[in-house]
Amino acid sequence: MADFHLSGRTVVVTGSATGIGRAAVDAFAAEGARVAAVDIEFDVLSRHIEEAGLGELVTPIRADLSTAEGVTSAAEEAMAALGGTPDVLVNNVGAGRLKTFEELSDDDFHRTFELNFHSMVRMCRIIVPAMFEAGKGAVVNVTSDLSRQAEDTIVDYAASKAAVASVAKSLARAYAPRVRVNNVAPGPIWTPFWTDADTGWLKNLEAAYGVQGDAAVQAFIEDRGIPAGRMGTPEEVANAILFLSSDLAGFTTGSTLGVDGGTVRATL
Ligand SMILES: NC(=O)c1ccc[n+]([C@@H]2O[C@H](COP(=O)([O-])OP(=O)(O)OC[C@H]3O[C@@H](n4cnc5c(N)ncnc54)[C@H](O)[C@@H]3O)[C@@H](O)[C@H]2O)c1
């Protein structure tokens with residue numbers, strides 16, 4: 001197993017009941033880090049912590065991170081659970097709906113930005129200055145390949161992720177050298193983001209390509225031109241999150257690390 005030397009560090013992970021956030025929580029705990037895991041799906045989160053035997057290292061926290069009050073209470077509870085300002089903040093929470101530009105209402109844009117963008121801004125406003133005062137800290141935001149290479153749909157989602165990347169650049173400059181701020185930009189990763197029965201994007205693929213399940217995924221991979229020829233795993237994204245959280249990335253700030261199977265063509 002990789003060792004990112006994170007034993008004893010304190011970490012906040014948002015959106016941690018399933019998918020990439022869950023994989024990050026598991027990986028931090030495997031390192032011996034103490035984690036405050038925040039999610040609106042508290043029962044799912046708590047059950048996983050119990051079943052994985054992580055109760056000594058991971059504290060579940062219930063919050064709706066799409067509201068200012070939810071972020072404030074989550075940050076306060078997390079810092080109480082961890083005994084002060086965390087060493088690491090992972091802004092992972094996010095969601096998106098597959099709609100064309102013309103289908104997207106103002107309310108759709110608003111909801112997407114509340115969760116994907118304002119949760120990051122609000123969490124950073126509370127925690128980053130405290131990290132600076134403490135003399136150290138690392139922030140990792142989970143953005144998207146779409147933040148670097150926009151498509152003709154999912155406009156609100158891509159814009160919200162690009163906005164996170166922009167704020168990350170500003171914070172990386174404002175709080176250097178004590179606090180490092182970086183982004184991990186996943187390509188398509190096989191999580192409930194795709195598979196959820198109500199909100200998952202798989203059913204949109206099935207509708208678009210006229211085939212079901214694996215065949216729809218394969219058609220998407222070819223259509224999207226993912227050089228790796230597959231979707232990624234949450235664990236592959238978690239590895240990148242842990243690296244950027246660790247001192248091994250001590251000279252890396254204001255950067256975006258793609259975990260996208262080679263999808264993004266630009267040299268940024
Ligand atoms: N899966 C992908 O293909 C992919 C690609 C690029 C970026 N991402 C990003 O990765 C991040 C994690 O996504 P994932 O794929 O693991 O999906 P996921 O749906 O498995 O995880 C999202 C988590 O956020 C939680 N959440 C949703 N709304 C919330 C709210 N209002 N308050 C608190 N928690 C809330 C969910 O309960 C869930 O645990 C997101 O920011 C997503 O945009 C995912």
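Model, not experiment: these values are computed from the prediction.

A. View of empty space enclosed by the protein. On inspection of all chains with the given rule, the structure shows one cavity of 30 Å³ or more. The volume enclosed by the largest cavity comes to roughly 60 Å³. Elements that contribute at least two residues to the lining of the largest cavity include exactly helix 4 (106-134), strand 5 (137-142) and helix 5 (155-174). Sort the elements by how many residues they give to the lining of the largest cavity and helix 4 lands first, with three residues. A class-by-class count of the residues in the lining of the largest cavity yields four nonpolar, six polar and one charged.

B. Spatial organisation of the packing of aromatic side chains. Overall, the coordinates contain seven aromatic pairs when judged by the stated rule. A centroid spacing of 5.8 Å and a plane angle of 55° characterise the contact between tyrosine 157 and phenylalanine 193, whose relative ring orientation is tilted. Remark: phenylalanine 193 occurs in helix 6 (residues 192-195) and tyrosine 157 occurs in helix 5; sequence separation between them is 36 residues. Ring geometry for tyrosine 157 against tryptophan 201: centres 5.8 Å apart, planes inclined by 75°, an arrangement best described as edge-to-face. On the criterion of sequence distance, the pair formed by tyrosine 157 in helix 5 and tryptophan 201 in the loop between helix 6 and helix 7 (202-209) is long-range, its members being 44 residues apart.

C. Quick peek at the site of the ligand. Residues in contact with the ligand amount to 29 residues; listed here are only the nearest, Thr18, Asp39, Asn92, Tyr157 and Thr191. Interatomic distance of 2.8 Å between a backbone N/O atom of isoleucine 20 and an oxygen atom of the ligand. A distance of 2.6 Å is found between an oxygen atom of the ligand and a side-chain nitrogen or oxygen belonging to threonine 191. Considering the ligand on its own, with 820 Å² of exposed area, one finds that the protein chains cover 91% of that surface. When residues of the shell around the ligand are traced back to their parent elements, those giving at least two are helix 1 (19-31), helix 5 and helix 6. Per-element tally for the shell around the ligand: the top contributor is helix 6, with three residues.

D. Inspection of the pattern of salt bridges at higher detail. In this structure the tally under the stated criterion is eight salt bridges. Its salt-bridge partner being aspartate 108, residue arginine 97 comes within 3.9 Å of it at the nearest N-O pair. Residue arginine 97 is located in the loop between strand 4 (88-91) and helix 4, and its partner aspartate 108 is located in helix 4; the two are separated by eleven residues in the primary sequence. Through salt bridges with shared partners, one network takes in Arg97, Lys99 and Asp108.

E. Inspection of the layout of surface pockets at higher detail. Reported here for the second largest pocket is a volume of approximately 160 Å³. Taken together, Arg9, Asp87, Lys136, Gly137, Ala138, Pro177, Arg178, Arg180, Ser245, Asp247 and Gly250 make up the lining of the second largest pocket. Partitioned by chemical class, the residues of the lining of the second largest pocket number two nonpolar, three polar and six charged.

F. Seen up close, the packing of helix 4 against helix 5. With their axes 9 Å apart at the nearest point, helix 4 and helix 5 run at an angle of 20° to one another. Overall, the two elements helix 4 and helix 5 adopt an arrangement that is roughly parallel. At the point where helix 4 passes helix 5, the crossing takes the right-handed sense. Every residue of helix 5 that contacts helix 4 at Asp108, Phe109, Thr112, Phe113, Asn116, Phe117, Met120, Val121 and Cys124 is listed here: Val155, Asp156, Tyr157, Ala159, Ser160, Lys161, Ala163, Val164, Val167, Ala168 and Leu171.

G. Representation of the environment of threonine 252 within the structure. Structurally, threonine 252 is set in the loop between helix 9 (234-245) and strand 7 (256-259). Through-space distance from the C-alpha of threonine 252 to that of alanine 172 is 9.6 Å; in sequence the pair is 80 residues apart. With near-sequence residues (within four places) excluded, threonine 252 lies in contact with Arg180, Asn182 and Leu244.

H. Highlighting the sheet that holds strand 4. Read from one edge of the open sheet, seven strands run 3-2-1-4-5-6-7, paired in parallel fashion. Of all strands in the sheet, those bounded by a partner on one side alone are strand 3 (58-62) and strand 7. Strand-to-strand twist in this sheet, taken as the mean axis angle between neighbours without regard to direction, amounts to 15°. Each of strand 1 (10-14), strand 2 (34-39) and strand 3 is contacted by helix 3 (residues 68-82), which is oriented at about 160° to strand 2, the strand it contacts most.

I. View of the side chain of serine 147. Locating serine 147 in the fold gives a position in the loop between strand 5 and helix 5. Of the residues examined, serine 147 reaches a relative accessible area of 17% and is grouped as buried. When residues no more than four places from it in sequence are discounted, the contact partners of serine 147 are Ala158, Lys161 and Ala162.

J. Quick peek at a negative patch on the surface. Among the surface-exposed residues, Glu41, Asp43, Asp196 and Asp198 lie close enough to one another that they form a single negatively charged patch. Inspection of the secondary structure puts aspartate 43 in helix 2 (residues 42-51). Aspartate 43 gets classed as exposed once you look at its relative accessible area, which sits at 51%.

Thresholds applied
- Positions within a chain are numbered from 1, following the residues in the order the chain's sequence is written.
- Per-residue local features are limited, in this predicted model, to residues with pLDDT of at least 70; the limit for side-chain atom pairs, both in listing and counting, is 80 or more; totals at the level of whole chains, interfaces and linings are taken over all residues.
- Excluded from the side-chain calculations are hydrogens and water; all other atoms, namely the structure's heavy atoms, are used.
- Cavities and pockets are defined on a 1 Å grid built over the protein atoms alone: a cavity is a set of grid points where a 1.4 Å probe fits but cannot escape, while a pocket is an open set with protein on both sides within 12 Å along at least five of seven lines, and lining residues are those with an atom within 4 Å of any such point.
- Grid points are joined across faces, edges and corners, and a volume is the space filled by probe spheres set on the points.
- Each helix is a run of DSSP H or I of at least 4 residues and each strand a run of E of at least 2, with the numbering of both proceeding from the N terminus.
- Under the convention adopted here, Pro, Cys and the residues Ala, Val, Leu, Ile, Met, Phe, Trp and Tyr are nonpolar, Asp, Glu, Lys and Arg are charged, and Gly plus all remaining residues are polar.
- Two aromatic rings, drawn from Phe, Tyr or Trp (for Trp, its six-membered ring), form a pair once their centres lie within 6.5 Å of each other, and the interplanar angle then sorts them: stacked below 30 degrees, edge-to-face above 60, tilted otherwise.
- We call a residue near a given molecule or strand whenever any one of its heavy atoms falls within 4 Å of it.
- Under the rule applied, a polar contact is a pair of N or O atoms within 3.5 Å (in protein, one hydrogen donor and one hydrogen acceptor; residues adjacent in sequence only if both atoms are side-chain atoms).
- Computed by Shrake-Rupley with a 1.4 Å probe, the accessible areas treat only the displayed protein chains as cover when residues are assessed.
- Put simply, a salt bridge is a Lys or Arg side-chain nitrogen that is within 4 Å of an Asp or Glu carboxyl oxygen.
- A fitted line through C-alpha atoms serves as each axis, taken over the contacting stretch for helices, and the angle formed by two N-to-C directions is quoted from 0 to 180°.
- Oblique is the label for any angle not covered by the other classes, which are roughly parallel (under 35 degrees), roughly antiparallel (over 145) and roughly perpendicular (65 to 115).
- Crossing handedness: left-handed means the near helix sits turned counterclockwise from the far one by under a right angle, and right-handed means the same turn made clockwise.
- When checking whether two residues touch, look at their non-hydrogen atoms; a contact exists if any pair is within 4.5 Å.
- By the convention used here, strands pair only if DSSP detects at least 2 bridges between them.
- Relative accessibility under 20% of the residue-type maximum defines a buried residue, over 50% an exposed one, and the middle range a partly exposed one, all with a 1.4 Å probe and only protein chains included.
- Residues enter a patch when their relative accessible area is above 30% and they make no salt bridge; the linking distance is 9 Å between like charges and 5 Å between nonpolar side chains (Val, Leu, Ile, Met, Phe, Trp, Tyr).
- Counting rule applied: Lys, Arg positive; Asp, Glu negative; His and chain ends not counted.
- Taken as the charge location is NZ of Lys, CZ of Arg, CG of Asp or CD of Glu.

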